[in-house]
Amino acid sequence: SLDEYYTKNYEANKAKTWWLAALVDVMFKNKCYTSLVVQKAAKDLHEIKPTAQSAFYLGSLAQRMNKKEEAVAYYDQSAKLEKTAEKKADRYYTIATLLRGSDAKQAKEYLLRSAQMNPKSGKPYLLLAEMYISPGSECGFTPFEKKALYWLAAETLKKAEAAEAKYKPTAADMAERYHK
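Residues numbered from 1 in each chain as written. Predicted model: local features only at pLDDT ≥ 70, side-chain atom pairs only at ≥ 80, totals over all residues. Heavy atoms only, no water.

A.B. asks: For this particular structure, what's the right way to read the side chain of Ser121?
C.D. replies: By the element assignment, Ser121 lies in the loop between α7 (104-117) and α8 (123-133). Note on Ser121: relative accessible area 11%, which makes it buried. Engagement of the side chain of Ser121 in a polar contact is seen with the backbone nitrogen of Lys123, the distance being 3.5 Å. Among residues more than four places away in sequence, those in contact with Ser121 are Ala163 and Glu164. (Helix = DSSP H or I, 4+ residues; strand = E, 2+ residues; numbered from the N terminus. Buried < 20%, exposed > 50% of the residue type's maximum accessible area, 1.4 Å probe, protein only. Polar contact = N/O pair within 3.5 Å; in protein donor to acceptor, adjacent residues only side chain to side chain. Contact = heavy atoms within 4.5 Å.)

A.B. asks: Quick question: what am I supposed to make of the side chain of Asp76 here?
C.D. replies: As for its placement among the helices and strands, Asp76 is situated in helix α5 (residues 68-81). Dropping the residues within four chain positions of it, Asp76 is found in contact with Tyr92, Ile95, Tyr110 and Arg113.

A.B. asks: Teacher, can you tell me more about the pattern of salt bridges here?
C.D. replies: Pairing of side chains with opposite charge becomes possible as their charged atoms draw close. Within this structure, the stated rule accounts for eight salt bridges. The closest approach of N and O atoms between Glu82 and Arg91, which form a salt bridge, is 3.0 Å. Judged by its relative accessible area of 10%, Arg91 is buried. Of the charged contacts, one joins Lys158 and Glu155 as a salt bridge, the two residues approaching to 3.0 Å between their closest N and O atoms. You can see Lys158 and its partner Glu155 sitting in helix α9 (residues 143-163), three residues apart, about one turn around the helix. Note on Glu155: relative accessible area 27%, which makes it partly exposed. The network of salt bridges with common partners includes Asp76, Lys80 and Arg113. (Salt bridge = Lys/Arg side-chain N within 4 Å of Asp/Glu carboxyl O.)

A.B. asks: What exactly am I supposed to notice about α5 here?
C.D. replies: Counting along an α-helix, one turn takes 3.6 residues, and residues three or four places apart therefore face a common direction. The terminal C-alpha atoms of α5 lie 20 Å apart, and with 14 residues this matches the ideal 20 Å at 1.5 Å per residue to within 8%. Buried residues in α5 make contact with α3 (36-48), α4 (52-64), α6 (85-99) and α7. (Expected span 1.5 Å × (residues − 1).)

A.B. asks: Any chance you could explain the packing of aromatic side chains here in plain terms?
C.D. replies: Centre-to-centre distance and the angle between the planes together describe a pair of aromatic rings. Tallying each qualifying case throughout the model produces seven aromatic pairs. Ring geometry for Tyr5 against Tyr6: centres 5.1 Å apart, planes inclined by 70 degrees, an arrangement best described as edge-to-face. Each ring, one from Phe56 and one from Tyr75, has its centre 5.6 Å from the other, and the planes form 40 degrees; the classification is tilted. Of this pair, Phe56 sits in helix α4 while Tyr75 sits in helix α5, and the two are 19 residues apart along the sequence. What makes Tyr75 buried here is its relative accessible area of 2%. Of the aromatic side chains, those joined through ring pairs into one cluster are Tyr5, Tyr6, Tyr10 and Trp19. Against the face of Tyr110 rests Arg113, its NZ or CZ located 4.5 Å from the ring centre. (Phe/Tyr/Trp six-rings, centres within 6.5 Å; stacked < 30°, edge-to-face > 60°. Lys NZ or Arg CZ within 6 Å of the ring centre and 35° of its normal.)

Here's what the structure looks like:
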């Protein structure tokens, strides 16, 4: 198996960044996330040569082990190391999805960063619209406040449509529900 091969050859190759990168890449492509050798290799690779991809691998592994704070830190580091605005935006979006249920304010900040980095993406606005209406069913909101949240969500959906035309049907459907 891949795990056996890489475990057997690890010590002899652990200082070779190209070998560690290949190990992690192959193990990820084969969905071997729980393997101890992939976890060790990802950490070693990142220590030797930190890159956007090595930070992303560590974030992904941390997320799979339900270590949300660690995952957010690695994804954030990955975003900072990324060269393209689109990839930075993707990393920020990933962070927002992780934080959505536990820290809505910070999730919103990451969604806005994502939208700023990639103005042609409507995804951040769709998630932001969903987040605006999610607290509306909680206790403590007046009918007016609930309506205001739905209005804000509908306005945010317009930004999704403007950024990316493919979201027009989805945004229109969601807006119709929100306007009711």
